Amino acid sequence: MMKYTKKDMGSFKLHLIKTDKFKTVAVKVIFRRPIAKEDITIRNILSDIVMLSTKKYGSKRELTIKTQDLYAALISTSNSRLGNYITTTFHLNVLNDKYTEEGNFNKAVEFLGEIIFNPDVVDGKFNQEKLDIVKNNCRLALKSIKEDSANYSLIRMFEEFDANAASAYRLSGYLSDLDKINEENLYEYYNSMIKSDLVDIFVLGDIDFDETTKLFREYFPLRTLKKQRVPYLLEEKEVRRKREFNEKIDNSQSKLSIACRTNGLDEYERNYVLTLYNVIFGGGSDSKLFKEVREENSLCYTIYSVPNKLDRLLIIQVGIDKDNYQKTVKLVEKDLEDMRRGKFSETDIAIAREYFLTALEEVLESPDRIIDNYLMMELIGTDTIETKKEMIMKVSKEEIVRVAKKVKLDTIFLLEGIKDERD
């Protein structure tokens, strides 16, 4: 049984989730602002450099020793995009005091606050040597972006789909922006994030609400009041005729990425009907795409679809031989049309419901995923897990067909492998 409460701390919202299901306490501190392309690279650099040292812990080694003192606490950062927003998350996972010693969680929260609010800055500048290390690592990653061909195909598809949309921004960053970052403007950006970003803090574990509230009030000196400025859901764009793009890569396998628009969906359709539609169409090993394209026709190595709900898209990704491109696209188009015509059974719907319900149960086995579920409830108004279970049972075949007619194929991008496996 979980108990949840939300507290408005003025400059941030504190979300407390009490459960004795896990031996750890999980914390996520989430900074977010409307996404701007030029912010991505500097934000990546910032989230990396704060994990190298602080004013109190002057090296990565000292930080590591401190985490070991906290009974192997895990602290990390990550950046992601949530619709029209970019987020930077500080993660803390630490054993509950009952498995360590009294006060260990307090010390871990204090340490997390040290990392976030006391970076290794002197005279308004980050450490030049450490900045060079982080920038060099970033440069190597950006130059090797094509090595993950599936991800690169997806990136290029989004850029061809709509180069100006937030969905097209490369979350790994840009070399042109990397060269502009120095120790001074990085600190200016850090101050901007601390002072103006929207902040939500989630704490999940066997915690005392009052004591945890006092703890974060003490160690998280956020003072600025902020307001949300833009919606999370991307703007709806007009449906176009199918467009096809191609880029060659020195690889034996080709990667195919396809974007379908999902215009005109209401909240119920987007959260529930589209979910079942996707499972039936391409969301698992019982799906139409998997059975027909992969198993029956042996045209691909991998194939699946996933809804990008905040982007108003359904994405299809396929690993194929280039010679199978046309046949694969035709079968994908056939399966899209079959869904519009209702060529699926009540048994297919029942299997999809079971798949969804199982996925919901799996959420409850992960502190991170439980927090993410509460985050979506807070930011975009999604339902509780119990409500989701009830709502998914109401979805009818007629509703799935109605949504299927709103799924329109838009952009096809083939990352064509030209390397001969015999070479």
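Residue indices follow the written sequence of each chain, beginning from 1 at its first position. Given that the model is predicted, a residue must reach a pLDDT of at least 70 before its local features are reported, and side-chain atom pairs must reach 80 or more before they are shown or counted; all residues, however, enter totals for whole chains, interfaces and linings. Hydrogen atoms and water are omitted, and side-chain values are computed over all heavy atoms in the structure.

Chemist: What am I meant to see in the environment of K394 here?
Modeler: With respect to the element layout, K394 can be found in the loop between α14 (385-392) and α15 (397-404). The exposed category is assigned to K394, whose relative accessible area is 56%. A sequence separation of 179 residues divides K394 from L215, and the C-alpha atoms of the two residues are 43 Å apart. Those residues in contact with K394 that sit more than four places away from it in its chain are Y268 and E399. Runs of H or I in DSSP of at least four residues are treated as helices and runs of E of at least two as strands, each being numbered from the N terminus. Residue burial is assigned from relative accessible area. The probe radius is 1.4 Å, only protein chains are included, and a residue is buried under 20% of its type maximum, exposed over 50%, and partly exposed in between. Contacts are residue-level and defined by heavy atoms, with any inter-residue pair within 4.5 Å sufficient.

Chemist: When you look at the sheet that holds strand β8 (residues 198-205) in this model, what are you seeing that I'm missing?
Modeler: Sheets are built from strands paired through backbone hydrogen bonds, the pairs being either parallel or antiparallel. At least two DSSP bridges between two strands are needed for those strands to be called paired. In space, the 6 strands of this open sheet follow the order β1-β2-β8-β3-β5-β4, with mixed pairing throughout. Each having just a single partner strand, β1 (3-8) and β4 (74-82) make up the two edges of the open sheet. On average, each strand axis in the sheet is tilted by 15° relative to the strand beside it, whichever way the strands run. With 9 bridges connecting them, β4 and strand β5 (residues 85-95) associate as antiparallel partners. Pairing of S78 across the sheet is with T89, part of β5. Against the sheet, helix α1 (residues 39-49) contacts β3 (24-34), β4 and β5, and its axis sits at roughly 15° relative to β5. Lines fitted to the C-alpha atoms define the axes, with helices restricted to the stretch that makes contact. Angles between their N-to-C directions range from 0 to 180 degrees.

Chemist: Explanation requested: the side chain of E416 in the structure shown.
Modeler: Relative to the elements of secondary structure, E416 occurs in strand β13 (residues 407-417). Ignoring sequence-local partners within four residues, the contact set of E416 consists of N246, E247, K248, I249, S254 and K322.

Chemist: Help me out: how do you make sense of the packing of aromatic side chains in this one?
Modeler: Given two aromatic rings, their pairing is described by the distance between the two centres and the angle made by the two planes. Aromatic pairing here means that ring centres of Phe, Tyr or Trp (its six-membered ring) are within 6.5 Å. Orientation follows from the plane angle: under 30 degrees is stacked, over 60 is edge-to-face, and everything else is tilted. Applying the stated criterion to the full structure yields 11 aromatic pairs. Ring centres 6.1 Å apart and planes at 40° place the aromatic pair Y268 and Y272 in the tilted group. With Y268 and Y272 both in helix α9 (residues 267-281) and 4 residues apart, the pair spans about one turn of that helix. Look at Y268 and you get partly exposed, because its relative accessible area is 23%. Taken together, a centroid distance of 5.7 Å and an interplanar angle of 25° make the contact between Y277 and F281 stacked. Of this pair, Y277 and F281 are both found in helix α9, 4 residues apart, which corresponds to roughly one turn of the helix. The residues Y277 and F281 share a single accessibility class, namely buried.

Chemist: How do you make sense of the packing of helix α10 (residues 288-296) against helix α11 (residues 325-340) when you look at a structure like this?
Modeler: Helix-helix packing: each pair is described by the crossing angle between the helix axes and the interaxial distance. Direction vectors running N to C along α10 and α11 enclose 150°, while the axes themselves pass 10 Å from each other. It follows from the interaxial angle that α10 and α11 lie roughly antiparallel. Crossing geometry of α10 relative to α11 is assigned as right-handed. Contacts from K288, L289, E292 and V293 in α10 reach T328, L331, V332, K334, D335, D338 and M339 in α11. Its residues assigned to classes, the contact of α10 with α11 comprises 5 nonpolar, 1 polar and 5 charged. We call two directions roughly parallel when the angle between them is under 35 degrees, roughly antiparallel when it is over 145, roughly perpendicular when it lies between 65 and 115, and oblique otherwise. Helix crossings fall into two classes, left-handed where the near helix is turned counterclockwise from the far one by less than a right angle and right-handed where it is turned clockwise. Gly counts as polar in this scheme, as do all residues outside two lists: the nonpolar Ala, Val, Leu, Ile, Met, Phe, Trp, Tyr, Cys and Pro, and the charged Asp, Glu, Lys and Arg.

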